[in-house]
Structures are given as C-alpha cells and as structure tokens.
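These are the residues of each chain, in order.
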Amino acid sequence: MKKLFAVIGDPIGHSMSPIMHNDLFAFYDIDGCYLPFQVKSENLGEAVKGLKAIGAGGFNVTVPHKSNIIPFLDEVDELAASIGAVNTVVNENGKLKGYNTDGPGFLMGLQMLMPTTKNKRILIIGAGGAARAIYFTLAKEKPAIIDIANRTAAKAQHLIEDCPYPVSSTAYALVEAGKITAEYDLIVHTTLIGMTPNIEEMALDVNNVRSKSLICDIIYNPLETKFLRAAKEKGALIQNGIDMFVYQGALAFEKWTGIFPDVQRMRNNVLKQLGGNGC
Ligand code: NAP
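Residues numbered from 1 in each chain as written. Predicted model: local features only at pLDDT ≥ 70, side-chain atom pairs only at ≥ 80, totals over all residues. Heavy atoms only, no water.

Undergrad: Which parts of the structure should I look at to understand the overall build of the protein?
TA: Helices and strands together make up the secondary structure of the protein, namely 10 helices and 12 strands. Here the C-alpha atoms of the protein give a radius of gyration of 19 Å, agreeing with the 19 Å that 2.2 N^0.38 yields for 279 residues. When its C-alpha atoms are laid out on the principal axes, the protein stretches across 55 × 40 × 35 Å. For the protein, with 279 residues in total, the buried portion stands at 53%. The contacts in the protein between residues at least 6 apart in sequence include a share of 66% that link residues at least 24 apart. When the accessible surface of the protein is totalled, it reaches about 12500 Å², and 52% of it is carbon and sulfur. When the 27 positive and 28 negative side-chain charges of the protein are each reduced to one mean point, those points stand 2 Å apart. (Helix = DSSP H or I, 4+ residues; strand = E, 2+ residues; numbered from the N terminus. Rg over C-alpha atoms; globule rule 2.2 N^0.38 Å. Buried < 20%, exposed > 50% of the residue type's maximum accessible area, 1.4 Å probe, protein only. Contact = heavy atoms within 4.5 Å. Areas by Shrake-Rupley, 256 points an atom, 1.4 Å probe, with all protein chains shown as cover. Lys, Arg positive; Asp, Glu negative; His and termini not counted. Charge placed at Lys NZ, Arg CZ, Asp CG, Glu CD.)

Given below as structure tokens:
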C-alpha cells in the first residue's frame, strides 16, 4: 500500500519538498507519495494525530510549527530537543519521533567547501530558528569561536546562553559585527534580509571580509543574494542555501527509507524549479 509522507506548515504553497521527495520515491522505486498540507496553528495537534492515525511514514515540519509541534510527538532526539525545533518526524512503529536535520544538513553542505570547522573562527548572522540549529550543530564540531550578530542583540545573547555544547561566543549588534568580518574564516547569514522580493537588502556590511574566507547565505531564493554578490566581489568563496535545503531533505529521506539519496539529483531538481545554476 502506498505510504504517505508530507510537509506541514502555513503557508506551504511555496515548498519545493514535494517535488524533491516525489522524484526520489519514483527514482528508488518506493511506493510512497509526499504531499503538502497547510495546517493552521490552532489545528496542529489534530493534524499530527491524523497523520499518526492514518499511518503516515513521516513528515517534514516547517514555519511556524517547528517548535510548537514538540508537545504533540512521542519522542524527540537529543539534538532536536536542545535546539527546541523539529523539522522531520519519523513514524517508528506507531510512535512519532522528531528530529532536526536543518543543522546537520547545513554542516554536510558546508563540508563540500570547508571539510572541517575544527578551530575555525565563525560568525553567524541572525538568532532565529535556523541560526539556532546551525549554531548548536557547529558548536559540537569544536571550532575556535562562534560569534552571533543579530538585529536584537539580546536574542543573540540568549542563544549563546542556551547552547548546551561548550564553545567560545560573543553576541554583537549587526553594525558592530560588520566592522570585524575580517576576523572570521566562515560567516553564515541566516536572517530573512535579502530574500525575494526584498533582494536589494543586506544584513551586514561585507567591505572587510577576507578574500578566501567562506561566506554562506542560507537563503536560496534568490540563488545569489546581494550579500553573497558583495562578498564574492571581495574575493570570498560563497555558498547559497540550496545545499542546506538539499541535505536536510536527504537526511529526512534517509530516516524514512534507509536510503541516503543522490543529492546531485536533488540539487538539479531544485535548481530546475528555481530556474538557475546556483553558486
Ligand atoms: P526566524 O526564526 O523568524 O528568524 C529570523 C531572523 O531574521 C532573526 O534573527 C531576526 O532578527 C532576523 N530578521 C528578520 N527581519 C529582519 C530585519 N528586517 N532586519 C534585521 N534582521 C531581521 O526565521 P528562520 O526560521 O531562522 O529562517 C531564517 C531564514 O533562513 C529564512 O530566510 C529561511 O528561508 C531560511 N532557511 C533556509 C533553510 C535552508 O534549507 N536553506 C532552512 C531554514 C531556514 P530579530 O531576532 O532581531 O527579530
């Protein structure tokens, strides 16, 4: 019998996960189908119960439900619990277990360009849900420092205090951080600034970034944000959010099926939807 997989969020129409996962089910000859469901916050508990009752194999969770879903699950793995957010749920013999593949997905994509983050000096711009997943995941890799810059500096400080893994970190306001970008080997932008349609905006001044440092933006629409373009002009290596998106999806697919899928195929598929060649 066909197994149901899904993504729940609100809004959900823009999600590229259905195209990516349905292609994988066909490619690996798995009798599954992946559907998007728009779920309003007030219906989250009922929606989770329903997916469990009909025996869905698993599902992804996106904005705004990543944190609020936790009380409705039977179990949450250690990293997801520390982050306080779940983006992947697996139906393990009738019990729903939550995972977070956003941070590990970012790390796997990053490793294509920076094989290790051990002893690296890292700056994360933003202190929201994605920053939290990336920060906690990178903190486990024993970097020299991970500083956080955010519009609301107090939120960056809270993030640092919440991190269960020991790492040296300082919270900065965005303007302050813009002056010291030369100190970092890796800068990861995680705010909403620069996303379509506001493509002429940039969170941080990149005039001082070191050439050959790696600058990532987890936004993938547009494929090259103004921030990435400016960093590239300074001679930095750049990476957009496609790799994080593809690897978080690959890790979810592996949890549901036991198969780690062909990420190049996934990447090409997503790029085709976005109509570009990436960077
Ligand atoms: P979130 O929890 O709402 O966090 C938003 C962050 O953006 C906060 O740091 C917030 O700062 C900052 N921000 C928002 N508007 C701002 C403005 N006008 N000026 C300065 N800072 C502003 O969102 P999220 O879930 O972390 O997602 C953030 C981004 O990551 C989105 O673009 C999302 O599409 C992307 N993302 C990509 C992937 C991927 O797979 N590539 C996965 C997840 C998320 P304050 O704290 O001051 O409000």
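Undergrad: Would you take a moment to explain the site of the ligand for this structure?
TA: Near the ligand, the surroundings consist of 20 residues, among which Gly-129, Ala-130, Asn-150, Thr-152 and Ile-218 are the closest. In the model, an oxygen atom of the ligand is placed 2.4 Å from a nitrogen or oxygen of the Thr-152 side chain. In this structure, an oxygen atom belonging to the ligand sits 2.9 Å away from a side-chain N or O atom of Lys-155. For the ligand, whose free accessible area comes to 930 Å², the fraction covered by protein is 76%. Counting only elements with at least two residues in the shell around the ligand, the list comes to α5 (129-139) and α9 (242-257). Counted by class, the shell around the ligand contains 10 nonpolar, eight polar and two charged residues. (Near = heavy atom within 4 Å. Polar contact = N/O pair within 3.5 Å; in protein donor to acceptor, adjacent residues only side chain to side chain. Nonpolar A, V, L, I, M, F, W, Y, C, P; charged D, E, K, R; others polar.)

Undergrad: Even after reading the chapter, I still don't get the packing of helix α1 (residues 17-27) against α9, so can you show me in this structure?
TA: In a packed pair of helices, the relevant descriptors are the angle between the two axes and the axis-to-axis distance. In the contact formed by α1 and α9, the axes pass within 11 Å of each other and the chain directions differ by 45°. As far as their axial angle goes, α9 and α1 are oblique. Along this stretch, α1 crosses α9, giving a crossing that reads as right-handed. Only Phe-245, Val-246, Gln-248, Gly-249, Phe-253, Trp-256 and Thr-257 of α9 make contact with α1, whose side of the interface consists of Ser-17, Met-20, His-21, Leu-24 and Phe-25. The residue makeup of the contact of α1 with α9, split by class, is seven nonpolar, five polar and no charged. (Axes fitted to C-alpha atoms, helices over the stretch in contact; angles between N-to-C directions. Parallel < 35°, antiparallel > 145°, perpendicular 65-115°, else oblique. Left-handed = near helix turned anticlockwise from the far one by under 90°.)

Undergrad: I tried to follow helix α6 (residues 153-162) on my own but got confused; where do I start?
TA: In an α-helix, one turn spans 3.6 residues, which is why side chains three or four residues apart end up on the same side. Residues of α6 that are buried: Ala-156, Leu-159 and Ile-160. Here the buried residues of α6 occupy an arc of 100° about the axis, which is enough to place them on one side. (Arc of directions from axis to C-beta.)

Undergrad: I'm lost on the environment of Val-263 in this one. Help?
TA: Within the secondary structure layout, Val-263 lies in helix α10 (residues 263-274). Overall, Val-263 belongs to the buried group, its relative accessible area being 19%. Note: C-alpha distance between Val-263 and Gly-249 (14 residues apart in sequence) is 9.0 Å. Among all residues touching Val-263, those that are not within four sequence positions of it are Val-246, Tyr-247 and Ala-250.

Undergrad: What should I look at first to understand the pairing of strand β1 (residues 3-9) in this one?
TA: Two faces make up the sheet, and in a regular strand the side chains alternate between them. The element β1 is largely enclosed, with a buried count of six among its seven residues. Pairing of β1 with strand β2 (residues 32-38) involves seven bridges; the strand directions are parallel. For Ala-6, the partnering residue across the bridge sits in β2 and is Leu-35. Between the parallel pair β1 and β2, the chain is carried across by α1, and the sense of this crossover is right-handed. (Pairing = 2+ DSSP bridges. Right-handed = clockwise from strand over helix to strand, strands pointing away.)

Undergrad: Can you help me understand the side chain of Asn-91 in this one?
TA: With respect to the helices, strands and loops of the structure, Asn-91 is situated in strand β5 (residues 88-92). At 2.9 Å, the side chain of Asn-91 and the backbone oxygen of Ala-56 are in polar contact. For Asn-91, the side chain forms a polar contact with the main-chain nitrogen of Gly-94, separated by 2.8 Å. Ignoring any residue separated from it by four or fewer positions in sequence, one finds Asn-91 in contact with Lys-52, Gly-55, Ala-56, Gly-57, Gly-58 and Leu-96.

Undergrad: Help me out: how do you make sense of the pattern of salt bridges in this one?
TA: Any two side chains of opposite charge can pair, so long as their charged atoms come close to each other. Under the definition given, this model contains 13 salt bridges. Residue Lys-52 is joined to Asp-74 by a salt bridge in which the shortest nitrogen-to-oxygen separation is 3.0 Å. You can see Lys-52 sitting in helix α2 (residues 44-53) and its partner Asp-74 sitting in the loop between β3 (58-61) and β4 (75-76), a full 22 residues away along the chain. For Lys-52, a relative accessible area of 33% corresponds to the partly exposed category. (Salt bridge = Lys/Arg side-chain N within 4 Å of Asp/Glu carboxyl O.)

Undergrad: How should I be thinking about the sheet that holds β1 in this particular structure?
TA: The pairing of strands in a sheet happens through backbone hydrogen bonds and is either parallel or antiparallel. Reading across the sheet, the six strands line up as β2-β1-β3-β5-β6-β4 and stay open at both edges, with mixed pairing between neighbours. Taken across any chain shown, the strands that pair with only one partner, and hence form the sheet edges, are β2 and β4. Strands in contact with α1 are β1, β2 and β3; relative to β2, the strand with the most contacts, it is inclined by about 170°. In this fold α2 packs onto β1, β3, β5 and β6 (95-99), with an angle of close to 170° to the strand it touches most, β1.

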